[in-house]
Amino acid sequence: MAANKILITGGAGFIGSHLIRLFVNNYPDYHIYNLDKLTYAGNLENLKDIEGADNYTFIKGDIVDEQFVKGLFAEHAFDSVIHLAAESHVDRSIKNPTEFLFTNIVGTVNLLNAAKEVWAADFSDKVFYHVSTDEVYGSLDDGGYFLETTAYDPQSPYSASKASSDHFVRAYSNTYKLPIKISNCSNNYGPNQFPEKLLPLMINNIKQNKPLPIYGKGENIRDWLYVVDHAKAIDAIFHHGKLGETYNIGGFNEWKNIDIVHLLCKVMDRKLGREEGTSAQSITYVQDRAGHDMRYAIDAKKIMNELGWEPSLQFEEGLEKTVDWYLENEDWLENVTSGNYQKYYNEQYS
Ligand code: NAD
Ligand code: TYD
C-alpha cells in the first residue's frame, strides 16, 4: 500500500496516542500527521517520547471547522485517514448531547467530504478508516455476542452519535465509492486514559482514599481490551483488512463492574502496601447512570480468523501494567485532574 502520508485524528487522546506511537515507531517510511483539537481529553504529554521524530507532525485543529479541514486536505493531500477524534464519554454525552453531535457526526462528515474531494481524481490506494465502538450495537442481556452483522441499536447520546457517524461512513462508501474500513471495539483500558472512565477513576480514588462510586448494583458487564492490543488491531485492519468491511475488536474478556473494581482494589492494596481488603471498604453504590447499558460483549472471531490478530496480554497482566503506569506517572494524573476535572467531578458525583 502506497500510504505514505497518514492523517490520524484524535492522536493526543487515549487510544490515538498509542496508535500514533505504534505507527511512528514501526513505519519510518510513513509520515504521520496528528490532528487534534486538544480538548480536556487530548494531552500532548502522551506523546513526549515521539514528538521529535522526523516522520511525525502535530496539527492543532477542530474537525468541526469545515473550511479548516478542507484547507488541511488541500495542503497535504493525505493518502489515508485513520479517524479517532471524538467526544468519548457516555456520562458527558448525557449532560451535553449537542457537543457529541457536532464532533462525532459533523466532524466525521467534514473529514469524509474533504477526503472525497481531494481524492476524487483517483481513489486507488486510498483508505478512510473510521474507528468506532461496540456501543453502537446497543445492550445485550446474558446471552449472545455482538457480530459485525448485528443491527445497530444505540442507547446513549454518545453511542447514537457514533452510530450515526458509522452510517455516514458506509453511505459514502455506497454512494461515492469512497474506500473505507470500520472497526468497532470493546472497552479499552491502559496507560493515558483520562480518569473519568471507570478504571483510571477508581485508581485515582483508591490512591486518594476517596469513595469508589459504583453505578446501580455494579452488575453491568463490559468486555475489556488492553489499549495497545486495540492499536495493533487497527494496524492489522489498516494494512490487511478488506475495503468496505467492518471488523469487531474485543478480548473475550467480560467483567461485571463490581468484580473488576474488587480485583483492582486487591492489586492496589498490594502495590500500595495496604492490608488486603482496605481499598474495597471505600466501594460506594451511587445512583445508576440514566439508560445504563447492561452488557457489551464482542465476538472477535472475524479479525482473529481473517487477519490473525489476537490480544497479546492476559487481563491480569494488563491491569498490573496499567496500575504501575498510573503509580509511576503521578505528575500526569495530577496535571489532568486539576482545574476543569474537579468541576466535572463535583457535578457528576455530588
Ligand atoms: P479520548 O476522549 O481519550 O480522545 C479523543 C481525542 O479526540 C482527544 O485527544 C481530543 O482532544 C480529540 N478531539 C475531540 N474533539 C475533537 C475535535 N472536534 N477536533 C479534533 N480533535 C478532537 O478518546 P479515546 O478513548 O481515545 O477514543 C478514541 C476513539 O476510539 C473514539 O472515536 C472512540 O469512540 C473510539 N473508541 C473508544 C473506546 C474506549 O474504550 N475508549 C472503545 C472503542 C472505540
Ligand atoms: P465507562 O468507563 O464510562 O465506559 P462505558 O460507559 O463507555 O462502558 O464505564 C464503564 C462501566 O463502569 C459502565 O458500566 C459504567 C460504570 N461506571 C461506574 O460504575 N462508576 C463510575 O464512576 C464510572 C465512570 C463508570
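Up top is the structure these notes are about.
Rules used throughout
- Residues numbered from 1 in each chain as written.
- Chains lettered and ligands numbered in written order.
- Predicted model: local features only at pLDDT ≥ 70, side-chain atom pairs only at ≥ 80, totals over all residues.
- Heavy atoms only, no water.
- Near = heavy atom within 4 Å.
- Polar contact = N/O pair within 3.5 Å; in protein donor to acceptor, adjacent residues only side chain to side chain.
- Areas by Shrake-Rupley, 256 points an atom, 1.4 Å probe, with all protein chains shown as cover.
- Helix = DSSP H or I, 4+ residues; strand = E, 2+ residues; numbered from the N terminus.
- Nonpolar A, V, L, I, M, F, W, Y, C, P; charged D, E, K, R; others polar.
- Axes fitted to C-alpha atoms, helices over the stretch in contact; angles between N-to-C directions.
- Parallel < 35°, antiparallel > 145°, perpendicular 65-115°, else oblique.
- Left-handed = near helix turned anticlockwise from the far one by under 90°.
- Contact = heavy atoms within 4.5 Å.
- Pairing = 2+ DSSP bridges.

**Student:** Even after reading the chapter, I still don't get the site of ligand 1, so can you show me in this structure?
**Tutor:** Taken together, 29 residues sit near ligand 1, with I15, D36, S88, Y158 and K162 positioned nearest. Between a nitrogen atom of ligand 1 and a side-chain N or O atom of T103, the distance comes to 3.4 Å. Summarising the interface, the protein chains cover 96% of the accessible area of ligand 1, which totals 830 Å² for the free molecule. For the shell around ligand 1, the secondary-structure elements that each account for two or more residues are α1 (14-26), β5 (127-133), α5 (157-176) and β7 (187-189). Tallying contributions element by element places β5 first for the shell around ligand 1, with three residues. Each residue belonging to the shell around ligand 1 can be placed in one class, and the counts come to 13 nonpolar, 12 polar and four charged.

**Student:** Help me out: how do you make sense of the site of ligand 2 in this one?
**Tutor:** Every one of the 18 residues lining ligand 2 counts as a neighbour, but E135, R222, R289, H292 and Y349 are closest to it. Within the backbone of Y215, an N or O atom sits 2.9 Å from an oxygen atom of ligand 2. Between an oxygen atom of ligand 2 and a side-chain N or O atom of N257, the distance comes to 2.9 Å. Here ligand 2 loses 98% of its free accessible area of 510 Å² to cover by the protein chains. Those elements giving two or more residues to the shell around ligand 2 turn out to be α6 (198-207) and β8 (212-215). Here the shell around ligand 2 is composed, by residue class, of eight nonpolar, five polar and five charged.

**Student:** Looking at this structure, how should I read the packing of α1 against helix α7 (residues 227-240)?
**Tutor:** The relative placement of two packed helices comes down to the angle between their axes together with the axis-to-axis distance. With their axes 9 Å apart at the nearest point, α1 and α7 run at an angle of 60 degrees to one another. With respect to each other, α1 and α7 are oriented oblique. Crossing geometry of α1 relative to α7 is assigned as right-handed. Only V227, V228, H230, A231, K232, I234, D235, F238 and H239 of α7 make contact with α1, whose side of the interface consists of F14, I15, H18, L19, L22 and F23. Its residues assigned to classes, the contact of α1 with α7 comprises 10 nonpolar, three polar and two charged.

**Student:** Would you mind going over the sheet that holds strand β2 (residues 31-36) with me for this structure?
**Tutor:** Paired through their backbone hydrogen bonds, the strands of a sheet run either parallel or antiparallel. An order of β3-β2-β1-β4-β5-β6-β10 is seen for the seven strands of this open sheet, with the pairing classed as parallel. Single-partner strands in this sheet number two, and they are β3 (56-60) and β10 (246-249). Adjacent strand axes in the sheet meet at a mean angle of 20 degrees, parallel and antiparallel pairs treated alike. Each of β1 (5-9), β4 (80-83) and β5 is contacted by helix α4 (residues 97-118), which is oriented at about 165 degrees to β5, the strand it contacts most.

**Student:** Just checking my understanding: could you explain the packing of helix α8 (residues 257-271) against helix α10 (residues 315-328) for this structure?
**Tutor:** Between α8 and α10, the shortest axis-to-axis distance is 11 Å and the interhelical angle comes to 55 degrees. Taken together, the axes of α8 and α10 lie oblique to each other. Of the two possible hands of crossing, α8 and α10 adopt the one that is right-handed. Side by side, α8 and α10 meet where I260, L263, L264, V267, M268, R270 and K271 of the first sit next to F315, E316, L319, E320, V323, D324 and L327 of the second. Considered class by class, the residues forming the contact of α8 with α10 number nine nonpolar, no polar and five charged.

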